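Here is what each chain is made of, one letter per residue.
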Amino acid sequence: MPHEIVTIPCLSDNYAFLIHDPTTGATALVDAPEPGPILAELKRRNWTLTHILLTHHHWDHIDGLPDILATHPAKVIGAKADAHRLPSLDLAVTEGETFDFAGEPVSVLDVSGHTVGHIAFHFPDTAAVFTGDSLMAMGCGRLFEGTPAQMFDSLTKLAALPDETTVCSGHEYTTSNCAFAASLGNNDANVAKRISDTAEMRAKGMATVPSSLGLEKQTNPFLRSADPALQKALGIQGAAPVDVFTEVRKQKDSF
Ligand code: ZN
Ligand code: FE
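Parameters and conventions
- Residues numbered from 1 in each chain as written.
- Chains lettered and ligands numbered in written order.
- Predicted model: local features only at pLDDT ≥ 70, side-chain atom pairs only at ≥ 80, totals over all residues.
- Heavy atoms only, no water.
- Axes fitted to C-alpha atoms, helices over the stretch in contact; angles between N-to-C directions.
- Helix = DSSP H or I, 4+ residues; strand = E, 2+ residues; numbered from the N terminus.
- Parallel < 35°, antiparallel > 145°, perpendicular 65-115°, else oblique.
- Left-handed = near helix turned anticlockwise from the far one by under 90°.
- Contact = heavy atoms within 4.5 Å.
- Donors = N, O, S within 2.8 Å, 3.2 Å for Na, K, Ca; no water.
- Tetrahedral: all angles 85-135°; square planar, octahedral: opposite > 155°, others 65-115°.
- Buried < 20%, exposed > 50% of the residue type's maximum accessible area, 1.4 Å probe, protein only.

Asks: Residue-level account of the packing of helix 4 (residues 148-159) against helix 9 (residues 241-253), with values.
Replies: Between helix 4 and helix 9, the least distance of the axes is 9 Å, while the angle of their chain directions is 110 degrees. Judged on the interaxial angle alone, helix 9 and helix 4 are roughly perpendicular. Handedness of the crossing formed by helix 4 with helix 9: right-handed. Where helix 4 abuts helix 9, its residues P148, A149, M151, F152 and L155 lie against P241, V242, F245 and T246.

Asks: Please give an account of the coordination of the zinc ion (ligand 1) that cites residues and values.
Replies: Each protein donor to the zinc ion (ligand 1) is listed here as H56 (NE2), H58 (ND1), H114 (NE2) and D133 (OD); together their distances run 2.2 to 2.3 Å. Given 4 donor atoms and angles of 84 to 172 degrees at the metal, the environment of the zinc ion (ligand 1) is assigned as irregular. When the donors of the zinc ion (ligand 1) are listed by position in the chain, the intervening gaps give H-x1-H-x55-H-x18-D. A separation of 3.0 Å is found between the zinc ion (ligand 1) and the iron ion (ligand 2), which share D133 as a coordinating residue. Linking H56 in the loop between strand 4 (51-53) and helix 2 (59-62) with H114 in the loop between strand 8 (104-110) and strand 9 (119-123), this pair joins segments that are 58 residues apart in sequence. Accessibility classification places H56 together with H114 in one group, the buried group.

Shown next as structure tokens:
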């Protein structure tokens, strides 16, 4: 059974998410940038957290945790590899493991690159993946700890999920990601439409997150390493996809 997803804007450009099961009342939070907006949303809906899922150790994804736990003593789930630098975990998970959320088998993917030990959570029945700062709308996270090859592998794993998967990522960076995509000069009709749709949504104050995996695969330059049009625009036709990704990431770093 699919579960309900609620997107909560936090800080200046972060997103946290709630996943809710109306039958059992189970409610999961993904990432805890700050307590205020999350506690307010829970109160407004009269929901109580049962699970808190952490994607990675950066402060803007965990700092809200103590204040949230004070009133919602939920089970905290995060990467075993990062247990030493995450808040205290009740369940430490590794890639390939699944855990239960209200009857839905949530699977854990290692999506290292932005950090090493970064994980994503795939809810197959809800058809959603929570990617934190790995795959983002029209972008991917900066490589603070991992290598380009690691992030390429991570994105390849995410891209293998069904196209209809909802991609719930950690930041509203889509406007600058679109400006970067435009700079690559391979704007086919799908990319051009995504850029104009994004501008329109942001002008109305709408969130561009979540997006869908199908749309990302079509328009996100970090998922298009095998696309001859992108390779041509970069002047590296026929290059191995991992090398194309590396070049795109390098260009974004100095954009
Ligand atoms: Zn981060
Ligand atoms: Fe972040």
